[in-house]
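An overview of the molecular structure
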Amino acid sequence: MAGNNRRRKPATANRVSAYFLHNLQSLIFSLGKIYQAPATTIMTVAVIGITLSLPGGFYLFLKNIDAVSGDFRSSTQISLYLDLKVNEKKARGLEKHIVSMDHVASTQFISREQSLEEFRQSSGFGKSIDTLSSNPLPHTIIVEPGESADTFTVRNLLNRLQAMPEVEIAKLDTEWLERLYTIIEIAKRSVVIITILFSFAVLLIIGNTIRLDIQNRYQEIIVTKLIGATDAFIRRPFLYGGVWYGMLGGIISWLIVEIGYIAISGPLERLNLLYKSDMNLITYSFQDFIVLIASSTLLGLAGSWIAVARHLNQIEPT
Amino acid sequence: MIEFHNVTKRYPSGFEALNNVSLLLGDGQMAFITGHSGAGKSTLLKIIALIEKPTRGQALLNRINLNTLPRHRIPYLRRNIGIIFQDHQLLFDRPVFDNVALPLQIQGYRPQEIAKRTRAALDKVGLLHKEKSLPITLSGGEQQRVGIARAVVHKPMLLLADEPTGNLDSVLSREIMQIFVDFNQVGVTVLVASHDLGLVEELDKPRLTLNAGQLILNDLDQGDVGGHDGWQ
């Protein structure tokens, strides 16, 4: 082999740095390709962004619902409607007994008269109430379970209170909450399903874009194969192309959701004023943002990997 | 360098491009493959360049059996070969310099080394002043010389050229052939397929003539493949 002594192969250290250099070059080269074809890129990236903004938006919606319902959770309370025959003195004695029980944080006594007065004011039936011969409302004790009490202890407490002879009805105000939580749970699972489906959609979009990209650069692939490029070398710019698509799509979806957030926050403030509540919209946290961009980038990589694996090996010089 | 033992190539269509071809091309030799179009010249080069595999018989390059070479090793073997195409196969989306530098980038050379060798190769074919031009702005002869620069930039042991002067006039053709002779004189093995018999005769190099897939003329000294050839 006369040629061998003339060939100076790059040293190993140089090869390693050249490997990273080529990775960097591919990264920049693929970005340059994207820049050279702005229309295609913008369309692809916009489709990815819109696709990802749907699960992203749902996720934020749930995050907000969770935050609001968290406030409700701490307001679990038991209302004790006492027997009408129990007089106020006895009722106040009962309240003192209950407050000393385990898992009870506080109690509040509402006398029959107070209840009636409140009802008169809030219901608008003032005149009809005046026609009643006697007060139909019982004394009421509101029991606030301790914060450490879980659902089971609260249920136990409820049963103990219900068993007291003075108590006509013991009512736990959580049934509607449990329904709400179930609905939220359903919504959460729906978001998981939507996220999986739309991730697949993004995978397909990126895969298809990269497939077209491979077709467009058919000639280049043939030539580089003929002059000794390895599959890894040829694959690299396409993989980085997918990474860029994914990353940019993630950023677009973030922007879409943030713009949606700004659009909603105006009316919400008015709603807050009307309800005298202080609901605050939660937007993406920094961590959410990182997770969003990282997963969209990964989707891009996976999508391009699938396209490359399927189509690149089929291209051979003839 | 190149050994063919009873190589037959039959394409899936049933067309037999090579029929029982045997030949030896030693290190540092230069030879022409001649014959009509369809005689099997391109197929012979394609087998050496690992684009096609023989249907029967054995083809060896540097004593490596090309029939059984695993796919992942093909790129590394191709790096020892410089291939020149009739239609140049340049990439039109990047300037001349980047086209010529491609084999070095693929092999992981450092940028300074790439720049040095690329300019040297361009200088050799007389196109150093065109390094920033896009290939589309060059004439056919210039494009072919860019193709040659790309084929030799990584100093391959073997140069393969398939009809390199196919579309060029006789003056340009002679220039291109002279470049191949120059490379051969510094030790590169050269195999050129050409149907330009006049030019081939002028250069006085051994000929392999194919007709309908059969080797009907072989000027190479098949007993002496060491490289010290009487005909040079």
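Residues numbered from 1 in each chain as written. Chains lettered and ligands numbered in written order. Predicted model: local features only at pLDDT ≥ 70, side-chain atom pairs only at ≥ 80, totals over all residues.

The secondary structure content of chain B amounts to seven helices and ten strands. Taken against the 2.2 N^0.38 rule, which gives 17 Å for 232 residues, the C-alpha radius of gyration of chain B at 17 Å falls within 12% of a compact globule. Judged by the C-alpha coordinates and their principal axes, chain B covers about 45 × 40 × 40 Å. In chain B, which comprises 232 residues, the share counted as buried stands at 46%. Pairs at least 24 residues apart make up 68% of the contacts formed inside chain B by residues separated by at least 6 positions. (Helix = DSSP H or I, 4+ residues; strand = E, 2+ residues; numbered from the N terminus. Rg over C-alpha atoms; globule rule 2.2 N^0.38 Å. Buried ≥ 20, exposed ≤ 12 C-beta atoms within 10 Å, placed from the backbone. Contact = placed C-beta atoms within 7 Å.)

All names here are of chain B. Across the eight residues of helix 1 (residues 41-48), seven count as buried, placing the element largely inside the fold. For helix 1, every residue scored as buried is listed here: Lys-41, Thr-43, Leu-44, Leu-45, Lys-46, Ile-47 and Ile-48. Directly beyond the C-terminal end of helix 1, a positive phi value near 60° is found at Leu-50.

Turning next to the pairing of strand 3 (residues 140-145) of chain A. Note on strand geometry: in a regular strand, side chains alternate between the two faces of the sheet. Residue and element names in this part refer to chain A. Of the two faces of strand 3, only the one carrying Ile-141, Val-143 and Pro-145 is buried; Thr-140, Ile-142 and Glu-144 on the other face are not. Taken together, the four bridges between strand 1 (residues 78-82) and strand 3 define a ladder with antiparallel strand orientation. Paired with Ile-78 across the strands is Val-143, a residue of strand 3. Direction of pairing for strand 2 (residues 104-110) relative to strand 3: antiparallel, over a ladder of six bridges. Along strand 3, the bridge assignment pairs Ile-110 with Thr-140. (Pairing = 2+ DSSP bridges.)

Let us now look at the confidence of the model for chain A. All names here are of chain A. Summing up the model confidence of chain A, the mean pLDDT is 82 and the portion of residues at 70 or higher is 90%. Looking over chain A, one finds the lowest element-wise mean pLDDT in helix 1 (residues 12-36), namely 72, and the highest in helix 10 (residues 286-311), namely 92. With pLDDT under 50 throughout, residues 1-7 is counted as low confidence; its partners more than four residues away or in other chains account for 13 contacts. (pLDDT = per-residue confidence, 0-100.)

Examined at the domain level, chain A breaks down into domain 1 (22-72 + 179-311) and domain 2 (77-173). Here the C-alpha centroids of domain 1 of chain A and domain 2 of chain A sit 53 Å apart. (Domains from an automatic or database assignment.)

Residue and element names in this part refer to chain A. With antiparallel pairing, four strands are arranged side by side in an open sheet as 2-3-1-4. The open sheet has two edge strands, strand 2 and strand 4 (167-172), and neither has a second partner. Neighbour to neighbour, the strand axes of the sheet diverge by 20° on average, direction disregarded. Examined bridge by bridge, strand 1 and strand 4 share five bridges and lie antiparallel to one another. Across the sheet, residue Ser-79 finds its bridge partner in strand 4, namely Lys-171. Each of strand 1, strand 2 and strand 3 touches helix 3 (residues 88-99); the most contacted strand, strand 2, lies at about 170° to it. (Axes fitted to C-alpha atoms, helices over the stretch in contact; angles between N-to-C directions.)

Here the focus is unusual backbone geometry. Backbone geometry at His-103 of chain A places phi at a positive 65°, although glycine is not the residue there. The phi angle at Ala-212 of chain B is positive, at roughly 50°, despite the residue not being glycine. By the secondary structure assignment, Ala-212 of chain B is in the loop between strand 9 (207-211) and strand 10 (214-218). Ala-212 of chain B gets classed as partly exposed once you count the C-beta atoms within 10 Å, which come to 14.

So, on to the sheet that holds strand 6 (residues 81-84) of chain B. Sheet strands pair by backbone hydrogen bonding; their relative direction is either parallel or antiparallel. Residue and element names in this part refer to chain B. With mixed pairing, the six strands of this open sheet are ordered in space as 6-7-8-3-9-10. In this open sheet, the two strands that pair with only one neighbour each are strand 6 and strand 10. On average, adjacent strands in this sheet sit at an angle of 20° to one another, irrespective of strand direction. Here three bridges tie strand 3 (residues 30-34) to strand 9, and the two strands are oriented parallel to one another. Paired with Thr-34 across the two strands is Thr-209, which belongs to strand 9. Relative to strand 6, helix 5 (residues 140-152) is tilted by about 170°, and along the sheet it contacts strand 6 and strand 7 (158-162). Packed on one face of the sheet, helix 6 (residues 170-185) meets strand 3, strand 7 and strand 8 (189-193) and runs near 155° to strand 8.

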